[in-house]
Amino acid sequence: MAVSGRASQCCLGARLGPCPALSRPGPLSSRCSEMLRYFDQLGKRKRAQATNLWNEPADDTHMERDDDRELYNLLQKRARLRRGSEGYRRLSFDISAHRQIRREVKDRWRQILEVLGFSAEADSLLDITSTASYSSLRQPLQARQLLTALAEQTSLFDRHCSLPERYLFVLDRLLILDAGDDFLSAARRYYPLEAEEGPPSEEEPPSPEAVLVTLSPAPQGGEEETAAVLDEESLLVKLIE
């Protein structure tokens, strides 16, 4: 299930096209330099995808969904501004808000996976990139049914947004591992719909399930997000030019 870094880069390379240095004649030093730039671009794109967590990962344009389109437009606007300016900082705040919502959803999924004993596999199970293809789904109907059930019976997702398609691919992987129903049961237990209606009353002490939701650590962007910002801007500036 886990995908190695080299294999992942090769998949991303399929989106960007073949490396020109592999087929272009010329001095070896020049071709090596081109290859380094090529794989550097692949790495930047992968880090940017991991930071933005596109809800429709198969859409390279990020225009099919309203939420992805809004985030992408904010990123494009910021790429045109001087870094550190007031407009840049304002857009960065809006971008961080979008990303935080997506990180929180991913964190809930990670917690359920850890409860089910997939701590070591959580990263690879949740790693969905632009190489995702609906034709690659092994059990698309069952995965869609599970995704709908999670939306209707749990509080895993943000109620104000449409369902993130990226998790359809995660559920397909879980179904292959025969863990789809177990994930749904655990999600019902730890993230019930009642959890969104407000904190428990004084007469009713919080249950272990509520403690899990309350103590869920909020992921921090830190240096990783800063690096992703630079990667994103570098790629967008090239597209704009």
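Named according to an unreviewed UniProt entry, the chain is Melanoregulin originating from Mauremys mutica.

### Here's the deal with the overall build of the chain
Helix and strand counts for the chain come out as 10 helices and 0 strands. Counting only contacts in the chain whose residues sit at least 6 apart along the sequence, the fraction spanning at least 24 positions is 71%. When the accessible surface of the chain is totalled, it reaches about 13,600 Å², and 53% of it is carbon and sulfur.

### Topic: the packing of helix α6 (residues 140-153) against helix α8 (residues 180-190)
Relative orientation and spacing of two packed helices are given, respectively, by the angle between their axes and the distance between those axes. One way to put it is that α6 packs onto α8 with a least axis distance of 10 Å and a crossing angle of 10°. By the criterion of interaxial angle, the relationship of α6 to α8 is roughly parallel. Contact residues: α6 offers L146, A149, L150 and Q153, while α8 offers G180, D181, F183, L184, A187 and R188.

### A short note on the pattern of salt bridges
In this structure the tally under the stated criterion is 7 salt bridges. Between K46 and D127 there is a salt bridge, and its shortest N-O distance comes to 3.5 Å. With K46 in helix α2 (residues 28-52) and D127 in the loop between α5 (122-126) and α6, this residue pair connects regions lying 81 residues apart in the sequence. In this structure D127 comes out as partly exposed when scored by relative accessible area, which is 30%. Here R102 and D68 are joined by a salt bridge, their closest N and O atoms 2.8 Å apart. Placement of the pair is R102 in helix α4 (residues 86-115) and D68 in helix α3 (residues 66-79), with a sequence separation of 34 residues. Exposure class is identical for R102 and D68. Each is buried.

### Looking at the packing of aromatic side chains
Here the structure, examined in full by the defined rule, presents 6 aromatic pairs. Seen in terms of ring centroids, Y134 and F169 are 5.2 Å apart; in terms of plane orientation they differ by 45°. Their pairing is tilted. Of the two residues, Y134 is situated in the loop between α5 and α6 and F169 in helix α7 (residues 166-176); the sequence distance between them amounts to 35 residues.

### Digging into α8
Those residues of α8 not exposed but buried are G180, F183, L184, A186, A187 and Y190. Down the axis of α8, the sector holding all buried residues measures 165°, keeping them to one side.

### Comments concerning the environment of A149
Looking at the secondary structure, you find A149 in helix α6. Under the relative-accessibility criterion, A149 is labelled buried at 12%. Between the alpha carbons of A149 and R188 there is a distance of 9.7 Å; along the sequence they are 39 residues apart. For A149, the residues in contact, after removing those within four places along its chain, are T154 and L184.

### What to know about the confidence of the model for the chain
Taken as a whole, the chain shows an average pLDDT of 79; of its residues, 67% reach a score of 70 or greater. Across the chain, the secondary-structure element scoring lowest on mean pLDDT is helix α9 (residues 208-214), at 42, and the one scoring highest is α7, at 98. Across residues 1-16, where pLDDT falls below 50, the model places 29 contacts with residues more than four positions away in sequence or in other chains.

Each value, and the rule that gives it
Residues numbered from 1 in each chain as written. Predicted model: local features only at pLDDT ≥ 70, side-chain atom pairs only at ≥ 80, totals over all residues. Heavy atoms only, no water. Helix = DSSP H or I, 4+ residues; strand = E, 2+ residues; numbered from the N terminus. Contact = heavy atoms within 4.5 Å. Areas by Shrake-Rupley, 256 points an atom, 1.4 Å probe, with all protein chains shown as cover. Axes fitted to C-alpha atoms, helices over the stretch in contact; angles between N-to-C directions. Parallel < 35°, antiparallel > 145°, perpendicular 65-115°, else oblique. Salt bridge = Lys/Arg side-chain N within 4 Å of Asp/Glu carboxyl O. Buried < 20%, exposed > 50% of the residue type's maximum accessible area, 1.4 Å probe, protein only. Phe/Tyr/Trp six-rings, centres within 6.5 Å; stacked < 30°, edge-to-face > 60°. Arc of directions from axis to C-beta. pLDDT = per-residue confidence, 0-100.

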